[in-house]
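Structure assessment
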Amino acid sequence: MDKRANRVWEIGEIDFFIIFRWLLILLVLFLTGYNSAGWSRFTLSYKIAVIYVVFNVVIRFKFFNFLKKDSFLFLIYFFDIIFVSVALYTSGGIDQTFYVFYFLTILMASINSGLKSSIPVAIISSFIYIWITGLSKDLGFSLFRDPSYLMRIPFLFLMAFMSGLWKDIMDRKIKTKEKENKETIKKLKGFYENVINSVTSGIVVINNKGEIILTNPSYNKLIRDGIDAEPILEGIKISQKKRVEFTTSFKEKSGRILTLITSFLKDSGGRINGSIGIVSDITKEKEMETELEHSKHLAYLGKMASFIAHEIRNPLGVIRGMSQLIEMKSNDGIDGYVDKIKENADRIDGIIDDILDIAKREDGKKEIVNIAEVMRDVISSLRENEKYRNSDIKLKVDEEIIVEGDKERLRRVFNNIISNGIEIKGEDAEVRIAIYKEKENGYVDIKDNGPGIPEDKVEKIFEPFFSTKEGGTGLGLAIVKKILTEHKGKIKVFSRLGEGALFRVILPIRKSKGKEKEVQNEGTYSR
Amino acid sequence: MKALIVDDEPSIRYLFSEFLKLKGIEADEAIDGFEGIKKFHENGYDLLILDIKMGEKHGIEVLEDIRRQGYKTPVIVCTAYKHLKEDVMIVSDEKVAFMSKPVDLQELWKVIKDLTKNGN
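All values reported here derive from a predicted model rather than from experimental measurement.

Examining the overall build of chain B
Assigned secondary structure in chain B consists of five helices and five strands. The order of helices and strands in chain B, counted from the N terminus, is β-α-β-α-β-α-β-α-β-α. In chain B, which comprises 120 residues, the proportion classed as buried is 38%. Intrachain contacts of chain B at a sequence separation of at least 6 include 59% that bridge at least 24 residues.

This is the structure in structure tokens:
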């Protein structure tokens, strides 16, 4: 940065300087010119003045930048002194009080550069004054016998000293103030920088051309973490183009949910110089929101379930029972009809069971459960069921996993996932199950060869009443999720249309209190 | 053999009494626990079929009352709430059976035969 640009009255000072010089010329012009020849235009004084005016105009408009240089200024002071002296001498007014014109030059030097200019100017002025006095024809140096003439020289110095000192003091004050201002600005800048750098939301600022002019560490981290900057910048540009500030949230390529708040970057005059985008990753919050929704849903279901259980089961029992009575009393070959009534009544009853199950509160039952054992149990009971008998179910146990929980409820988890996979495929259903361990978790992978789950439905399959299966109630997987949550477990689904689905159940392994024998299996698929 | 059906649902009472009559058992009905206990004392029965959730006095209370009074009469407790089985188990003995609704009549008959086979 240019050192001089920091001076407070930079341009004003030069203009002031120029005005001073006009004043000087006018005064000299008027006093000396008038004094020697009245208003006649052709006296030497007037000619000198005209030359000086031209000289000044040239300086002002041609060598303006030189006015910022001390050495050049000094040259000008020198010329001024010569000009004043010549003007005085030619006007023959050296014995007059016109010597005060030297004061103007001294003042100018003071205003511009303080003592370091005013004192030399005073010295030169004194010398020239004494010299031209000596040249004076009639009185010459004898003038100085009169103390009032001699006194003029110390006055020049006094003037130089006072005005120079005043200027230096002012300068020092200004410098101190500037330093204070700089420190305040530095502090403020530091403070704002700290605020911007500490904000956990990403901040990105673009100018009116759409170029990024500022980003904070949080924004850089988001980008480093693989978030695509394009939709963010696009959003900010739209805000800029349409002149609207908005808040929006969207799903980014990697699946994370982001919110973007845009606002205009305004200067102190209210002009828009760019746009600010504040970006936050709200994936976790959204997940929590979904979980909350889910549990609200369940609470509602809980109330409903109790009502349904009683109010539907009674009439259902009557329908079922009455059909049995009809069967008992008649021998007209209506067995098939009655069987259908019973079958469907049982189906309704099954649904009620599911609803009650999902609404059931965690009872905190804790027993030691061997997942492989539970799985074998589930598979063998599925094989007993006519519906699942022809399916190909294979189990591979890499490591036995022991968890703490409700065996019956966990049984239900695996039963629901496997039977779901088989039912959705129908004929030729194949289910591959793998049980293994990783760090502190037990994993159960259940893969089917069904039609797979469309990507947009993957998240919904665990919601109550959502079903992709014909005739499904949409409760089976909701129950799975609920039971796993009760067991501090998780379920993940990996699926693509046409490629089957893989359900991964993750359960925390029971922390053994003593040394427990871990059973290892050979890790091959077995039927 | 005489049986008392205690249930606040008229159609359930009707179903059970029709069934029991078909099986040659004389059936009587009561609409809640109070009427059930009153009738039980008045007429004496060989079998009680109790619903748990009834308006005034519920089935488990009826069961507790008659057992306290020393009656060993066989009792079948029916309910639409399967989880209440555990509550029934607390006050149950070998002459008490738990059935969840909807009740299968064939099952009911098996249970009745089972409970009454040694006679009272």
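Overview of the overall build of chain A
When its secondary structure is counted, chain A shows 14 helices and 13 strands. Burial statistics for chain A: of 527 residues in total, 28% are counted as buried. A separation of at least 24 residues holds for 65% of the contacts in chain A among residues at least 6 apart in sequence.

Comments concerning the sheet that holds strand S5 (residues 272–281) of chain A
All names here are of chain A. As summarised here, the arrangement of the five strands in space is S2-S1-S5-S4-S3, forming an open sheet in which the pairing is antiparallel. Strand pairing shows two members of the sheet lacking a second neighbour, strand S2 (212–215) and strand S3 (247–251), which therefore form its edges. Sheet twist, expressed as the mean angle between neighbouring strand axes with direction ignored, is 25°. Sheet analysis places strand S4 (residues 257–266) next to S5, joined by nine bridges and oriented antiparallel. Note that in S5 the partner of Phe264 across the bridge is Ser275. Strand contacts of helix H8 (residues 217–224): strand S1 (202–207), S2 and S5, with the helix running at about 100° to S1, the strand carrying the most contacts.

Examining the packing of helix H10 (residues 283–329) of chain A against helix H11 (residues 335–359) of chain A
All names here are of chain A. One can describe the packing of H10 onto H11 by two numbers: an axis separation of 8 Å at closest approach and a directional angle of 165°. Considered as vectors, H10 and H11 are oriented roughly antiparallel to each other. The crossing of H10 and H11 is left-handed. Tallied by class, the residues present in the contact of H10 with H11 amount to 18 nonpolar, three polar and six charged.

Quick word on the nonpolar core
Judged by nonpolar contacts, the single largest core of 48 residues is most densely connected at Ile371(A), Met375(A), Val413(A), Phe414(A), Ile418(A), Ile435(A) and Val480(A). Both domain 3 (288–359) and domain 4 (367–526) of chain A contribute no fewer than three residues apiece to this core. Judged by nonpolar contacts, the second largest core, of 33 residues, contains Val318(A), Ile5(B), Val6(B) and Ile12(B).

Some words on the pairing of strand S1 (residues 2–6) of chain B
All names here are of chain B. Taken across its five residues, S1 has four buried, putting it largely inside the fold. Alignment of S1 against strand S3 (residues 47–51), held across four bridges, turns out to be parallel. Its bridge partner being in S3, Val6 is matched across the sheet by Leu50.

Concerning the packing of helix H4 (residues 101–113) of chain A against helix H5 (residues 115–135) of chain A
Residue and element names in this part refer to chain A. Axis separation between H4 and H5 bottoms out at 7 Å; the angle between their running directions is 160°. With respect to each other, H4 and H5 are oriented roughly antiparallel. As for how H4 packs across H5, the hand of that crossing is right-handed. Contacts between H4 and H5 involve Tyr102, Thr105, Ile106, Ala109, Ser110, Asn112 and Ser113 on the former and, on the latter, Lys116, Ser117, Ser118, Val121, Ala122, Ser125 and Tyr129. When its residues are assigned to classes, the contact of H4 with H5 shows six nonpolar, seven polar and one charged.

Considering the interface of chain B and chain A
On the side of chain A, 15 residues touch chain B, which itself brings 14 residues to the contact. Broken down by element, the side of chain B that touches chain A gets its largest block of residues, six residues, from helix H1 (residues 10–22) of chain B.

With respect to the environment of Tyr52(A)
Residue and element names in this part refer to chain A. Here Tyr52 shows up in helix H2 (residues 44–62). Counting along the chain gives 27 residues from Tyr52 to Phe79, while the straight-line C-alpha distance between them is 9.5 Å. If near-sequence neighbours (up to four positions away) are discounted, Tyr52 is found in contact with Ile25 and Phe83.

Some points on helix H13 (residues 407–425) of chain A
A rise of 1.5 Å per residue sets the reference length of H13(A), with its 19 residues, at 27 Å; its end C-alpha atoms lie 27 Å apart and thus fit the reference within 8%. Within H13(A) the residues assigned to the buried category are Arg409(A), Leu410(A), Val413(A), Phe414(A), Asn415(A), Asn416(A), Ile417(A), Ile418(A), Asn420(A), Gly421(A), Ile422(A) and Ile424(A).

Some points on H5(A)
With 21 residues, H5(A) should reach 30 Å at 1.5 Å per residue; the first-to-last C-alpha distance of 30 Å fits that figure. Listed in full, the buried residues belonging to H5(A) are Ser117(A), Ser118(A), Val121(A), Ala122(A), Ile124(A), Ser125(A), Tyr129(A) and Thr133(A).

So, the sheet that holds S3(B)
Residue and element names in this part refer to chain B. Pairing within the open sheet is parallel, and its five strands lie in the order S2-S1-S3-S4-S5. With partners counted over all chains shown, the strands left at the sheet margins are strand S2 (26–30) and strand S5 (96–100), one partner each. Ignoring which end each strand starts from, the neighbouring axes of this sheet average 20° apart. As defined by bridge partners, strand S4 (residues 75–79) adjoins S5 across five bridges and the pair is classed as parallel. Among the inter-strand pairings, Val77 is bridged to a residue of S5, identified as Phe98. Contacting S1, S3, S4 and S5, helix H3 (residues 59–68) runs over the sheet at an angle of about 145° to S3. Sitting on the sheet, helix H5 (residues 105–116) is in contact with S3, S4 and S5, with an inclination near 175° to S5.

Thoughts on the environment of Lys460(A)
Residues and elements named next belong to chain A. Within the secondary structure layout, Lys460 lies in the loop between strand S10 (441–448) and helix H14 (476–486). Since 14 C-beta atoms lie within 10 Å of it, Lys460 is described here as partly exposed. When the C-alpha atoms of Lys460 and Leu477 are compared, they prove to be 10.0 Å apart, with 17 residues separating the residues in sequence.

Quick word on the pairing of S3(B)
Burial runs high along S3(B): five of the five residues are buried. Crossover S3(B) to S4(B) through H3(B) is right-handed.

Focus on unusual backbone geometry
Geometrically, the link from Lys101(B) to Pro102(B) is a cis peptide bond, its omega value of 0° lying close to zero. By the element assignment, Pro102(B) lies in the loop between S5 and H5. One non-glycine residue, Arg243(A), lies in positive phi territory at about 55°. If you trace the backbone, Arg243(A) turns up in the loop between helix H9 (229–242) and S3. Judged by C-beta crowding, with 8 C-beta atoms within 10 Å, Arg243(A) ranks as exposed. Phi at Asp428(A) is positive, roughly 55°, even though this residue is not glycine.

Considering the confidence of the model for chain A
All names here are of chain A. For chain A, the mean per-residue pLDDT works out to 81, and 84% of the residues sit at or above 70. Across residues 1–10, confidence stays below pLDDT 50; counting only partners more than four residues off in sequence or on other chains, it has five contacts. Contacts from residues 514–527, a stretch scored under 50 in pLDDT, to residues over four places away or in other chains number 12 contacts.

Scoring rules and cut-offs
- Residues numbered from 1 in each chain as written.
- Chains lettered and ligands numbered in written order.
- Predicted model: local features only at pLDDT ≥ 70, side-chain atom pairs only at ≥ 80, totals over all residues.
- Helix = DSSP H or I, 4+ residues; strand = E, 2+ residues; numbered from the N terminus.
- Buried ≥ 20, exposed ≤ 12 C-beta atoms within 10 Å, placed from the backbone.
- Contact = placed C-beta atoms within 7 Å.
- Pairing = 2+ DSSP bridges.
- Axes fitted to C-alpha atoms, helices over the stretch in contact; angles between N-to-C directions.
- Parallel < 35°, antiparallel > 145°, perpendicular 65-115°, else oblique.
- Left-handed = near helix turned anticlockwise from the far one by under 90°.
- Nonpolar A, V, L, I, M, F, W, Y, C, P; charged D, E, K, R; others polar.
- Core = buried A, V, L, I, M, F, W, Y, C linked by C-beta atoms within 7 Å.
- Domains from an automatic or database assignment.
- Expected span 1.5 Å × (residues − 1).
- Right-handed = clockwise from strand over helix to strand, strands pointing away.
- pLDDT = per-residue confidence, 0-100.

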